[in-house]
Amino acid sequence: MKNAVSYELIKEDSKSKARRGRVTTPHGTIETPVFMPVGTQATVKAMRPEQISEMGAEILLSNTYHLYLRPGHEIIKEAGGLHKFMNWNSSILTDSGGFQVFSLGQLRKITEEGAMFSSHIDGSKHLLSPEKAIEIQNALGSDIMMAFDECIPCDADKVYIKDSLERTSRWLKRCKDYHQDIEKQSIFGIMQGGMHKDLRYQSAMEIVEMDMPGYAIGGLSVGEPKEVMLEVLDYCVDYLPKEKARYLMGVGSPDYLFEGVERGVDMFDCVLPTRIARHGLAMTSHGRVNIKNAKYARDFTPLDDNCDCYTCRNYSKAYLRHLHKSNEMLGAMLLTEHNLHFLINMMKNIRKSIEEDRFLEYKREFYDNYGKF
RNA sequence: GUGGGUAUCGUCAAGUGGCUAAGACACAGGGUUGUGGCUCCUGUAUGCGUGGGUUCGACUCCCACUAUCCACC
């Protein structure tokens, strides 16, 4: 039997651990390294699926926890699966709800069985277990399902981190045992271990032993300083097998993407570009632009003179500022489109630079232009 | 013209004799990283229509003026 999802290594950079590859799923291929836009509630906020396709996105992320609570996974199954429900015919990765164990911290209780949540919508109680998380993701029909894990805060104590990581490994085994149709959907395992090298190693060994089609590095970008994150990431990647896709969860600012690629990561996702767009911030080749700033009131030039996205081809900073200040939804739509285009395009350039064996040169060039992150 | 009301930040306003004059919106900056949240944080009146007066002390009381609103002529 063939796994639904596979990874092919195409080329390695000679001066860094960056690598050019390809992930294949039942819904197509994904050129890596890749940035995956996040569509938590079966929609990338403010975007139509066609727009995201046109930008070149080959995979989206969506969320088990949210879709389970609303509209309910049975309804999505009835609709013919998540792809059909949201009119997205390329690949989908669903997060398992593990992150909500972390982000909705005050509303939950964790046991060996799983995590008991209070719904943030109506306060109702739900148990999310490894089996339940896979059952839901089976109903959604995503190509890549994430194992149910516990994402712990960066200041957790070491004893707790070790207990938690071992539980996450046991949960992965349960996810794997529960899942039946491995030709239709694949599960990625998630490494934990906090900021401790020995625990990261332990976690990696435990999950790699289960021979999953891909592995994610979880529990990073959870509030720790950048240097710590990079140091941990450095050795984490080395603990993962070369022939499988590596996914760094929750990372999406341009600098972190470069640093991740440099260390051998293939996949990234992040709400940052879409969320900050809704809050009036744009990522540009010259750094962040806060469209709310008074200095743009009479700036009739595009957001980014190096960008050929729909927004930059047609609208000025003054207009985008006006839309944002007037609370017009087109403002969020145009900035979201720009930010996603920016990151997707940046990843395209990164892939090209690896193919041409000049990744570090491209990184330096990008950093010089970007200035402050 | 007569009678009555009202005048506090750009706007809407709380305060009613006594510490450094609420709050909201607007404005100005900043944050955001496996999305609960078009959101969160911070800042902004030495000043209470103008001029007098009463008082130890007035945005608060009194007088005049100005502006504005309502009613009547």
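Notes on the structure follow. Computed from a predicted structure; not experimentally measured. (Residues numbered from 1 in each chain as written. Chains lettered and ligands numbered in written order. Predicted model: local features only at pLDDT ≥ 70, side-chain atom pairs only at ≥ 80, totals over all residues. Heavy atoms only, no water.)

### Remarks on empty space enclosed by the protein
Tallying each qualifying case throughout the model produces one cavity of 30 Å³ or more. Considering only enclosed or pocket space, the largest cavity measures out at about 30 Å³ in volume. As for the largest cavity, its lining consists of Ile 152, Pro 153, Cys 154, Ala 156, Ile 161, Gly 194, Met 195, Gly 219 and Val 222. Counted by class, the lining of the largest cavity contains seven nonpolar, two polar and no charged residues. (1 Å grid on protein atoms, 1.4 Å probe; cavity = no way out; pocket = protein on both sides within 12 Å on 5 of 7 lines; lining within 4 Å. Points joined across faces, edges and corners; volume = space filled by probe spheres on them. Nonpolar A, V, L, I, M, F, W, Y, C, P; charged D, E, K, R; others polar.)

### Points about the protein's contact with RNA strand B
Not every one of the 42 residues close to RNA strand B is listed here, only the nearest: Cys 151, Met 249, Gly 250, Thr 274 and Lys 325. Each atom of RNA strand B within 4 Å of the protein was classed as base or backbone; sugar and phosphate made up 57%. One nitrogen or oxygen atom from the side chain of Gln 100 is found 3.4 Å from a phosphate oxygen belonging to RNA strand B. The separation between a base nitrogen of RNA strand B and a polar side-chain atom of His 279 is 3.2 Å. At the level of secondary structure, the elements contributing two or more residues to the surface near RNA strand B comprise strand E5 (59-63), helix H5 (98-103), strand E14 (267-270), helix H11 (272-278), strand E16 (287-290) and helix H13 (317-325). The biggest single contributor to the surface near RNA strand B is H11, with five residues. Residue composition of the surface near RNA strand B, grouped by class: 14 nonpolar, 17 polar and 11 charged. (Near = heavy atom within 4 Å. Polar contact = N/O pair within 3.5 Å; in protein donor to acceptor, adjacent residues only side chain to side chain. Helix = DSSP H or I, 4+ residues; strand = E, 2+ residues; numbered from the N terminus.)

### Digging into the side chain of His 338
Note on placement: His 338 falls in helix H14 (residues 329-355). For His 338, a relative accessible area of 0% puts it in the buried group. Residues within four places of His 338 in sequence aside, it is in contact with Ala 282, Met 283, Thr 284, Leu 303, Asp 304, Cys 307, Cys 309, Thr 311 and Cys 312. (Buried < 20%, exposed > 50% of the residue type's maximum accessible area, 1.4 Å probe, protein only. Contact = heavy atoms within 4.5 Å.)

### Re the nonpolar core
Ile 217, Leu 248, Phe 268, Met 346 and Ile 350 are the most contacted members of the largest nonpolar core, which has 79 residues in total. With eight residues, H14 is the largest single contributor of residues to this core. When sequence neighbours within four positions are dropped, the list of residues in contact with Ile 217 reads Met 191, Arg 200, Leu 233, Cys 236, Val 237, Leu 240, Tyr 247, Leu 248 and Met 249. Counting residues in each nonpolar core, the second largest holds 20 residues, with Val 23, Ile 30, Val 34 and Leu 61 among its members. (Core = buried A, V, L, I, M, F, W, Y, C linked by side-chain atoms within 4.5 Å.)

### Points about the packing of helix H6 (residues 130-140) against helix H7 (residues 158-178)
Close contact between H6 and H7 brings their axes to 8 Å; oriented N to C, the two are set at 45 degrees. The angle between H6 and H7 falls in the class oblique. In terms of crossing hand, the pair formed by H6 and H7 is right-handed. Facing Pro 130, Glu 131, Ile 134, Glu 135 and Asn 138 of H6, the residues of H7 in contact are Trp 171, Arg 174, Cys 175 and Tyr 178. Residues of the contact of H6 with H7, tallied by class, amount to five nonpolar, one polar and three charged. (Axes fitted to C-alpha atoms, helices over the stretch in contact; angles between N-to-C directions. Parallel < 35°, antiparallel > 145°, perpendicular 65-115°, else oblique. Left-handed = near helix turned anticlockwise from the far one by under 90°.)

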